[in-house]
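In case you want the letters, here they are:
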Amino acid sequence: LCKELTARLASIESTSALVADLHLLSSSDAAFLQPSTAASPAFAAAWPEEQQLDEEGMSEPFLALAAAALEADARVQKRCGRLVPKKLSEATFWRNYSSALHAVLFPQEPAVPAAGAGGDAA
């Protein structure tokens, strides 16, 4: 997951509309304090809340993701300095922000109701 996010961040051109979306994430504390409700179930499965950043196989991909996120938006570092550790741990900060990044960079298609579901009763 970290590798996918890092690759996607690196591929964004400075003129892309995604840049504005990324900057919107860092314009308030919201993307850092709570995980995104728009992130896919795949995000939660790949990065469960109990996942530690220093676990085997997580450190290097996470560091690459953090570097790419900071390069894409320098305001992320300011948010980190303001919020960690006063309001949340560094691991929670990055997990929450990564869930918001995932929601922006890999948007989910809206769920389509099954045929006949939610229709008017006859």
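Residues numbered from 1 in each chain as written. Predicted model: local features only at pLDDT ≥ 70, side-chain atom pairs only at ≥ 80, totals over all residues. Heavy atoms only, no water.

## A short note on the overall build of the chain
The criterion, for reference: Runs of E in the DSSP output that reach at least two residues are strands. Runs of H or I that reach at least four are helices, and both are numbered from the N terminus. Three exposure classes are used, based on accessible area relative to the maximum for each residue type with a 1.4 Å probe and protein chains only: buried under 20%, partly exposed in between, and exposed over 50%. Every accessible area reported is derived by Shrake-Rupley at a probe size of 1.4 Å, with residue values counting cover from the shown protein chains alone.
A count of helical and extended segments in the chain gives seven helices and zero strands. Beginning at the N terminus, the succession of helices and strands in the chain can be written as α-α-α-α-α-α-α. Considering the chain as a whole, with its 122 residues, one finds that 38% of them fall into the buried category. Approximately 7,500 Å² of the chain is accessible, and the part contributed by carbon and sulfur atoms is 56%.

## Thoughts on the pattern of salt bridges
What counts is decided by this rule: Put simply, a salt bridge is a Lys or Arg side-chain nitrogen that is within 4 Å of an Asp or Glu carboxyl oxygen.
Across all of its chains, the model carries three salt bridges by this definition. Of the charged contacts, one joins Asp-29 and Arg-79 as a salt bridge, the two residues approaching to 2.5 Å between their closest N and O atoms. Of this pair, Asp-29 sits in the loop between α2 (17–25) and α3 (30–33) while Arg-79 sits in helix α6 (residues 75–83), and the two are 50 residues apart along the sequence. Both residues of the pair, Asp-29 and Arg-79, count as buried. The partner of Arg-75 in a salt bridge is Asp-73, and the shortest N-O contact between them spans 3.4 Å. A relative accessible area of 34% places Arg-75 in the partly exposed class.

## Examining the nonpolar core
To be explicit about the condition: The criterion is simple. A nonpolar core is a set of buried Ala, Val, Leu, Ile, Met, Phe, Trp, Tyr and Cys residues joined through side-chain atoms within 4.5 Å. For this analysis, residues touch if any pair of their heavy atoms sits within 4.5 Å.
Of all hydrophobic cores here, the largest spans 32 residues; its most connected members are Leu-9, Trp-47, Phe-93, Trp-94, Tyr-97, Leu-101 and Leu-105. Elements with a contribution of two residues or more to this core: α1 (2–11), α2, α3, α5 (59–72), α6 and α7 (90–105). Leu-9 has contacts with Leu-22, Leu-65, Ala-68, Ala-69, Ala-72, Leu-101 and Leu-105, leaving out every residue within four places of it along the chain.

## Considering the packing of α2 against α7
Here is the rule we go by: Only the stretch in contact is used when a helix axis is fitted, and all axes are lines through C-alpha atoms; the angle between N-to-C directions ranges over 0 to 180 degrees. An angle below 35 degrees is treated as roughly parallel, one above 145 as roughly antiparallel, one from 65 to 115 as roughly perpendicular, and anything else as oblique. Crossing chirality is assigned from the near helix's rotation relative to the far helix, an anticlockwise turn below a right angle marking it left-handed and a clockwise turn marking it right-handed. In the scheme used here, Gly and all other residues not listed as nonpolar or charged are polar, with Ala, Val, Leu, Ile, Met, Phe, Trp, Tyr, Cys and Pro taken as nonpolar and Asp, Glu, Lys and Arg as charged.
Remark: α2 packs on α7, axes separated minimally by 10 Å, with the N-to-C direction vectors making an angle of 155°. Viewed along their axes, α2 and α7 adopt a mutual orientation that is roughly antiparallel. The handedness of the crossing between α2 and α7 is right-handed. For the pair α2 and α7, contact is made by Leu-18, Asp-21, Leu-22 and Leu-25 and by Tyr-97, Ala-100, Leu-101, Val-104 and Leu-105, respectively. When the residues that make up the contact of α2 with α7 are grouped by side-chain class, the tally is eight nonpolar, no polar and one charged.

## Side note on unusual backbone geometry
A cis amide bond links Val-84 with the next residue in sequence, Pro-85, at an omega value of 0°. As for its position among the elements, Pro-85 is in the loop between α6 and α7.

## Brief notes about the packing of aromatic side chains
Heads up, the rule is: To pair, rings of Phe, Tyr and Trp, with the six-membered ring standing in for Trp, must have centres within 6.5 Å; the planes then decide the type, stacked if under 30 degrees apart, edge-to-face if over 60, and tilted in the middle.
Applying the stated criterion to the full structure yields seven aromatic pairs. Geometrically, the ring pair formed by Phe-32 and Tyr-97 is stacked, given 4.9 Å between the ring centres and 10° between the ring planes. Remark: Tyr-97 occurs in helix α7 and Phe-32 occurs in helix α3; sequence separation between them is 65 residues. For the residue pair Phe-32 and Tyr-97, the accessibility class agrees, reading buried in each case. Both rings, one in Phe-93 and one in Trp-94, keep their centres 5.2 Å apart while their planes meet at 85°; by these two values the pair is edge-to-face. Of the two residues, Phe-93 and Trp-94, both sit in the buried class. An aromatic cluster of three or more residues is present, and its members are Phe-32, Phe-43, Trp-47, Phe-62, Phe-93, Trp-94 and Tyr-97.

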